[in-house]
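Architecture at a glance
Chain by chain, the residues run as shown.
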Amino acid sequence: MQVSPNHIRGILIDMDGTFVDHIQTITRCFQYACRELGFPEPSTDKVKRSIGGSMPVTIQKFLPPEHVEAGKEIWRRRFDEIHLQGVVVLPGASELLDTCQATGIKAAIFTNKTGSHSRAIIANEGFDSQLEFVFGAEDTAYRKPQPEFSAAAIEKMQLEGQQMAMIGDSPFDIHAARAGGMLAICVTTGSHTREELESEGADLIFDSLSEVADWLRR
């Protein structure tokens, strides 16, 4: 598909699997919750394949229904303690933000990770001054791919959806882009393969954020 970057005035960037790799810390929290409740601990690979829809959605895959609420509370307590640990900024993240600044494109984080934790991580990694905002789960009553969540992020950017692109690594991001009338750009650095992203209808697929930056500079 031939798509031009010329109309792009703003980008929304997913966190986990797109901007950062935080899977080891996230996995430790799921394993801790399951262990505390006496259930088998999921592997890192199983967690990686399950995330994207926010923790309350993911944890249902690892615990029986009657233990999910307790698991959420245990997970949250543990994540509060260790959420700044194990953050790996993915290759091309800095380059992408530098490109946006150089070309006048607004950039923001739009994630199903909780907004408070996401803002703390972004500030700790030194990226907050390059972003318009960091917007996540619990900042509203919604999460990706609910249309209301996309609409709220677009409104915060003060642009039209047609002027924007959503950059992510999962079908949640593709559907969030569609819900807001945005271009759906995916990277293969997260939880889904190129083939899976193609089958979900991504407009463009790249292997890194550096490639996305190159595309924006055309």
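Up top is the structure these notes are about.
Cut-offs used in this document
Residues numbered from 1 in each chain as written. Predicted model: local features only at pLDDT ≥ 70, side-chain atom pairs only at ≥ 80, totals over all residues. Heavy atoms only, no water. Helix = DSSP H or I, 4+ residues; strand = E, 2+ residues; numbered from the N terminus. Rg over C-alpha atoms; globule rule 2.2 N^0.38 Å. Buried < 20%, exposed > 50% of the residue type's maximum accessible area, 1.4 Å probe, protein only. Contact = heavy atoms within 4.5 Å. Areas by Shrake-Rupley, 256 points an atom, 1.4 Å probe, with all protein chains shown as cover. Lys, Arg positive; Asp, Glu negative; His and termini not counted. Charge placed at Lys NZ, Arg CZ, Asp CG, Glu CD. Pairing = 2+ DSSP bridges. Salt bridge = Lys/Arg side-chain N within 4 Å of Asp/Glu carboxyl O. Arc of directions from axis to C-beta. Axes fitted to C-alpha atoms, helices over the stretch in contact; angles between N-to-C directions. Parallel < 35°, antiparallel > 145°, perpendicular 65-115°, else oblique. Left-handed = near helix turned anticlockwise from the far one by under 90°. Phe/Tyr/Trp six-rings, centres within 6.5 Å; stacked < 30°, edge-to-face > 60°.

**Considering the overall build of the protein**
Counting its regular elements, the protein contains ten helices and eight strands. A globule of 218 residues ought to have a C-alpha radius of gyration of about 17 Å, and the protein, at 17 Å, matches this closely. Seen along its three principal axes, the alpha-carbon backbone of the protein occupies a region of about 55 × 35 × 30 Å. Expressed as a percentage of the 218 residues in the protein, the buried residues total 54%. A separation of at least 24 residues holds for 66% of the contacts in the protein among residues at least 6 apart in sequence. Taken as a whole, the protein presents about 9600 Å² of accessible surface, with 47% of it coming from carbon and sulfur. Here the protein contributes 21 positive and 31 negative side-chain charges, whose respective centroids are spaced 2 Å apart.

**Concerning the pairing of strand E1 (residues 10-13)**
Burial along E1 is two-sided: the face carrying Gly10 and Leu12 and the face carrying Ile11 and Ile13 are both buried. Bridging between E1 and strand E4 (residues 106-114) involves four bridges; their strand directions are parallel. The partner of Gly10 across the bridge, within E4, is Lys106. The pairing of E1 with strand E6 (residues 164-168) spans four bridges and is classified as parallel. Note that in E6 the partner of Ile13 across the bridge is Ile167.

**With respect to the pattern of salt bridges**
On inspection of all chains with the given rule, the structure shows 13 salt bridges. One salt bridge in this structure joins Lys144 and Asp14, with 2.9 Å as the shortest N-O distance. One end of the pair, Lys144, is in the loop between strand E5 (134-137) and helix H7 (147-157); the other, Asp14, is in the loop between E1 and strand E2 (20-21), and 130 residues separate them in sequence. Measuring nitrogen to oxygen at the nearest pair gives 2.7 Å for the salt bridge that ties Asp173 to Lys144. Of this pair, Asp173 sits in helix H8 (residues 171-179) while Lys144 sits in the loop between E5 and H7, and the two are 29 residues apart along the sequence. This pair shows no difference in class: Asp173 is buried, exactly as Lys144 is. Overlapping salt bridges, with partners in common, bring together Asp14, Lys144 and Asp173 in one network.

**Let's talk about helix H6 (residues 115-125)**
Listed as buried for H6 are Gly115, His117, Ser118, Ile121 and Ile122. In a view along the axis of H6, the buried residues occupy a sector of 160 degrees, so they form one face of it. For H6, the secondary structure elements touched by its buried residues are helix H4 (68-82), E4 and E5. Following H6 by one or two positions, Gly126 has its phi on the positive side, about 85 degrees.

**A closer look at the packing of helix H1 (residues 23-36) against H4**
Contact geometry of H1 with H4 gives a least axis separation of 9 Å together with a crossing angle of 140 degrees. Our classification of the angle between H1 and H4 gives oblique. Remark: the crossing between H1 and H4 carries right-handed chirality. Taken together, the residues of H4 that come into contact with H1 (itself represented by Thr25, Ile26, Arg28, Cys29, Phe30, Tyr32, Ala33 and Glu36) are Gly71, Ile74, Trp75, Arg78, Phe79 and Ile82.

**Quick notes on the packing of aromatic side chains**
Counting across every chain of the model gives nine aromatic pairs. Geometrically, the ring pair formed by Trp75 and Phe79 is stacked, given 4.6 Å between the ring centres and 20 degrees between the ring planes. With Trp75 and Phe79 both in helix H4 and four residues apart, this pair spans about one turn of that helix. On the basis of relative accessible area, Phe79 is assigned to the buried category, the value being 2%. With a centroid separation of 5.3 Å and an interplanar angle of 45 degrees, the aromatic rings of Phe135 and Phe149 are classed as tilted. With Phe135 in strand E5 and Phe149 in helix H7, this residue pair connects regions lying 14 residues apart in the sequence. Using a relative accessible area of 0% as the deciding quantity, one classes Phe149 as buried.

By themselves, these observations are geometric and do not establish any function.
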